Amino acid sequence: MEEVLRVLIMTAQIILSLSILVGLHEMGHLLAAKAFGMRVEQFSIGFPPKVFSFTYGETEYALSAIPLGGYVKISGMIDESLDTEAMSKEPQPWEFRSKPAWQRLIVMLGGIIVNVILGVFIFILMTFFLGDQYVPIEEINNKGGIYALDLGQEIGLKSGDKVLKINDEEFERFRDISDVNKMLEPDAHYTIERSGNTMDIEIPKDFIEKFNTKEAVYSFVRDRHTSEIGLVASAEDNEGEPFLAERIGLKVGDRIVEMKNRPIRYFDEVIAIVKEHDRSEPLPFKIQRGSEVMEFNPSMENDSIFGIAGTPQDFKTVKIDYTFAESFVKGPEKAFGVIGLQLKAFKKMFSGDIDPRKSLSGPMAIAKQFGGEWDWVRFWGMTGLLSMVLAFMNLLPIPALDGGHVMFLTYEIVSGRKPADKFLETAQKVGMILLLALMAFVIINDFFK
């Protein structure tokens, strides 16, 4: 039941977010068209069948059942409706095709412009109200270095490494180690210090493919926890059977100081030893409880889980509050950084460095990014990000997308010649086939991932 609720919350969040984004995107087209005296026949959020509609003035406004897009039907425009009968008649003054090319270009850019404005606006407000908070990398390096999990170990990082530079540049925030923008740069690498020696760790070109889920990000690098026990799992967590730690009497506050004759300072050292330990043999270790050192040598034969967690270190964090004026600088930087990331990712895909099957995400993967709990900060952060992504994707020069119309209108303005209606109609059909194929691909790809 709990999992069903999580899925419902994810679904509700992505539907609400897409409805806001698509509604405002199509509103951008509608307002621009009406401003230039064009007749708008229909405005729809979602694709048919219609759930609800009403007519105001000359326009029917509809809410449709499939919440994966929307459209505005402007008279005299070759669009997804492919209304060839209307296009065969004499052009009327209120039609799209009768207006100057520059006006038609603004209409086609209207949705993209609104999405950019919305994305920038959200990032400005989030910057102003939330500011920025981070753990300095010096704190991590001075308190034991990083804890390298499976993905970190995969590229050669080790627990205890001190990360000094990323792509030969010094950095301030610990979270920058997981910054996808930095990973997508040419010849991306970390400069680390290990046992007093400095070396470079290369980031593989296809490594970004592994960062398309929240779970993957959390299996890369973390801060190190101390070996002081911060949690002892109870029998209730194991269906009534006590875990090893509870059974032998370990307590919160105990500090593991030695395991299998190795000195212990950090909890990841405990994890590594337990992971490699032969379960058929006892596991000798020592703890310090107050001033007393206690020895244990329990059998691990029937225990796959130890049942303890370490204690997080007390890291100094930096909190930055931005004025509204400063937010007007930082907010757009973050917003357009999303588009920069998309450009880098597309370049990597076209060069063959990353596999589109592992990098492209559809509705199911995006819904998971919203999470199974309703968090308004995360919701608006995701909506701002998706608004910038939607603007970028719509600007791609593919017929049936706004970018396809912009491409043909730019050609018309530059050359002074309008492409034939038959050519535009054929291009629209080809573009729709491509988009439907892409949509099917990402949905099926989501399912298999």
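Residues numbered from 1 in each chain as written. Predicted model: local features only at pLDDT ≥ 70, side-chain atom pairs only at ≥ 80, totals over all residues. Heavy atoms only, no water.

Draft legend 1. Molecular detail of the overall build of the chain. Looking only at helices and strands, the chain features 15 helices and 16 strands. Relative to the globule expectation of 22 Å for 449 residues, the C-alpha radius of gyration of the chain, 28 Å, shows a markedly less compact shape. With the C-alpha coordinates of the chain rotated into their principal frame, the extents come out at 95 × 50 × 45 Å. Buried positions account for 43% of the 449 residues belonging to the chain. In the chain, 67% of the contacts between residues at least 6 apart in sequence involve partners at least 24 apart. For the chain, the computed accessible surface area is about 24100 Å², with 60% contributed by carbon and sulfur atoms. With 48 positive and 63 negative side-chain charges, the chain shows a spacing of 4 Å between the two charge centroids. (Helix = DSSP H or I, 4+ residues; strand = E, 2+ residues; numbered from the N terminus. Rg over C-alpha atoms; globule rule 2.2 N^0.38 Å. Buried < 20%, exposed > 50% of the residue type's maximum accessible area, 1.4 Å probe, protein only. Contact = heavy atoms within 4.5 Å. Areas by Shrake-Rupley, 256 points an atom, 1.4 Å probe, with all protein chains shown as cover. Lys, Arg positive; Asp, Glu negative; His and termini not counted. Charge placed at Lys NZ, Arg CZ, Asp CG, Glu CD.)

Draft legend 2. View of unusual backbone geometry. Residue Pro-49 follows Pro-48 across a cis peptide bond; omega there is 15°. Its place among the elements puts Pro-49 in strand E1 (residues 40-56). The phi dihedral of Asn-167 falls on the positive side, at around 55°, and the residue is not glycine. With respect to the helices and strands, Asn-167 occurs in the loop between strand E5 (162-166) and strand E6 (169-170). Phi at Asp-168 takes a positive value of approximately 65°, unusual for a residue other than glycine. Position of Asp-168 among the secondary structure elements: in the loop between E5 and E6. Of the residues examined, Asp-168 reaches a relative accessible area of 51% and is grouped as exposed.

Draft legend 3. Region of interest: the pattern of salt bridges. For the coordinates displayed, the defined rule picks out 19 salt bridges. A salt bridge links Glu-139 to Lys-143, with the shortest nitrogen-to-oxygen separation between them at 3.4 Å. With relative accessibility at 14%, the residue Glu-139 sits in the buried group. On the basis of relative accessibility, which here comes to 26%, the residue Lys-143 falls in the partly exposed class. For the salt bridge of Glu-185 with Lys-344, the shortest nitrogen-to-oxygen distance reads 3.9 Å. You can see Glu-185 sitting in the loop between helix H6 (180-183) and strand E7 (189-194) and its partner Lys-344 sitting in helix H10 (residues 324-351), a full 159 residues away along the chain. Since its relative accessible area comes to 29%, Glu-185 is described here as partly exposed. Overall, Lys-344 belongs to the partly exposed group, its relative accessible area being 29%. Each of the salt bridges in this network shares a partner with another, and the network as a whole consists of Lys-34, Arg-39 and Glu-58. (Salt bridge = Lys/Arg side-chain N within 4 Å of Asp/Glu carboxyl O.)

Draft legend 4. Up close: the pairing of strand E14 (residues 292-296). By the bridge criterion, five bridges tie strand E13 (residues 285-289) to E14 in an arrangement that is antiparallel. Paired with Arg-289 across the bridge in E14 is Glu-292. Once E13 ends, the chain turns through two residues before running back antiparallel as E14, passing Gly-290 with a positive phi of about 65°. (Pairing = 2+ DSSP bridges.)

Draft legend 5. Focus on the sheet that holds E5. Taken together, the four strands give an open sheet; going across it, the order is E6-E5-E7-E8, and neighbouring strands pair in antiparallel fashion. With one partner strand each, in any of the chains shown, E6 and strand E8 (197-202) form the two edges of the open sheet.

Draft legend 6. Geometry of the environment of Asp-223. Along the chain, Asp-223 turns up in strand E9 (residues 221-223). Taking C-alpha positions, Asp-223 is 8.9 Å from Lys-143, a pair spaced 80 residues apart along the chain. Beyond its immediate sequence surroundings of up to four residues, Asp-223 is in contact with Ile-140, Tyr-147, Phe-174 and Phe-315.

Draft legend 7. Structural view of helix H3 (residues 101-130). Between its first and last C-alpha atoms H3 spans 43 Å; for 30 residues at 1.5 Å apiece the expected length is 44 Å, and the two agree. Along its length, H3 reaches its greatest deviation from straightness, about 40°, at Gly-110. One or two residues past the end of H3 sits Gly-131, with phi positive at roughly 65°. (Expected span 1.5 Å × (residues − 1). Bend = angle between axes of the 7 residues up to and from the residue.)

Draft legend 8. Looking closely at a nonpolar patch on the surface. Taken together, Ile-66, Leu-68, Met-364, Met-439, Ile-443, Ile-444, Phe-447 and Phe-448 make up a surface patch of nonpolar side chains, about 770 Å² in accessible area. Sorting elements by how many residues they give to the nonpolar patch places helix H15 (residues 421-448) first, with five residues. Tracing the backbone shows Leu-68 in strand E2 (residues 59-74). (Patch = residues over 30% accessible without salt bridge, like charges linked within 9 Å, V, L, I, M, F, W, Y side chains within 5 Å.)

Draft legend 9. Expanded view of the nonpolar core. In this structure, Ile-146, Leu-157, Ile-177, Met-183, Tyr-190, Phe-207 and Phe-220 are the most contacted members of the largest nonpolar core, which totals 44 residues. Elements represented by at least two residues in this core include exactly H3, helix H4 (137-142), strand E4 (146-148), E5, E7, H10 and helix H13 (376-394). The element that contributes the greatest number of residues to this core is H10, accounting for six residues. Core analysis: the second largest hydrophobic core is formed by 19 residues, Val-232, Ile-273, Phe-296 and Phe-306 among them. (Core = buried A, V, L, I, M, F, W, Y, C linked by side-chain atoms within 4.5 Å.)

Draft legend 10. Representation of the packing of H3 against H13 in the model. The interhelical angle for the contact between H3 and H13, taken along N-to-C directions, is 150°, at an axis separation of 8 Å. For the element pair H3 / H13, the angle class is roughly antiparallel. Handedness of the crossing formed by H3 with H13: left-handed. Together, Ile-112, Asn-115, Val-116, Leu-118, Gly-119, Val-120, Ile-122, Phe-123, Met-126 and Leu-130 of H3 and Val-377, Trp-380, Gly-381, Thr-383, Gly-384, Leu-385, Ser-387, Met-388, Leu-390, Ala-391 and Asn-394 of H13 make up the contact between the two elements. (Axes fitted to C-alpha atoms, helices over the stretch in contact; angles between N-to-C directions. Parallel < 35°, antiparallel > 145°, perpendicular 65-115°, else oblique. Left-handed = near helix turned anticlockwise from the far one by under 90°.)

Draft legend 11. Seen up close, the side chain of Asp-161. Assignment of secondary structure puts Asp-161 in the loop between helix H5 (150-154) and E5. With sequence-adjacent residues up to four places away left out, Asp-161 is seen in contact with Gly-145, Ile-146, Gly-156, Ile-192, Glu-193 and Arg-194.

Draft legend 12. The arrangement of H15 in detail. Counted at 1.5 Å a residue, the expected span for H15 with its 28 residues is 40 Å, and the 40 Å between its end C-alpha atoms agrees. Taken together, the buried positions of H15 are Leu-424, Glu-425, Ala-427, Gln-428, Gly-431, Val-442, Asn-445 and Asp-446.

Draft legend 13. Fine view of the environment of Ser-299. Note that Ser-299 resides in the loop between E14 and strand E15 (308-312). On the basis of relative accessibility, which here comes to 41%, the residue Ser-299 falls in the partly exposed class. With 183 residues separating them along the chain, Ser-299 and Val-116 place their C-alpha atoms 61 Å apart. Ignoring sequence-local partners within four residues, the contact set of Ser-299 consists of Leu-244, Arg-247 and Pro-282.

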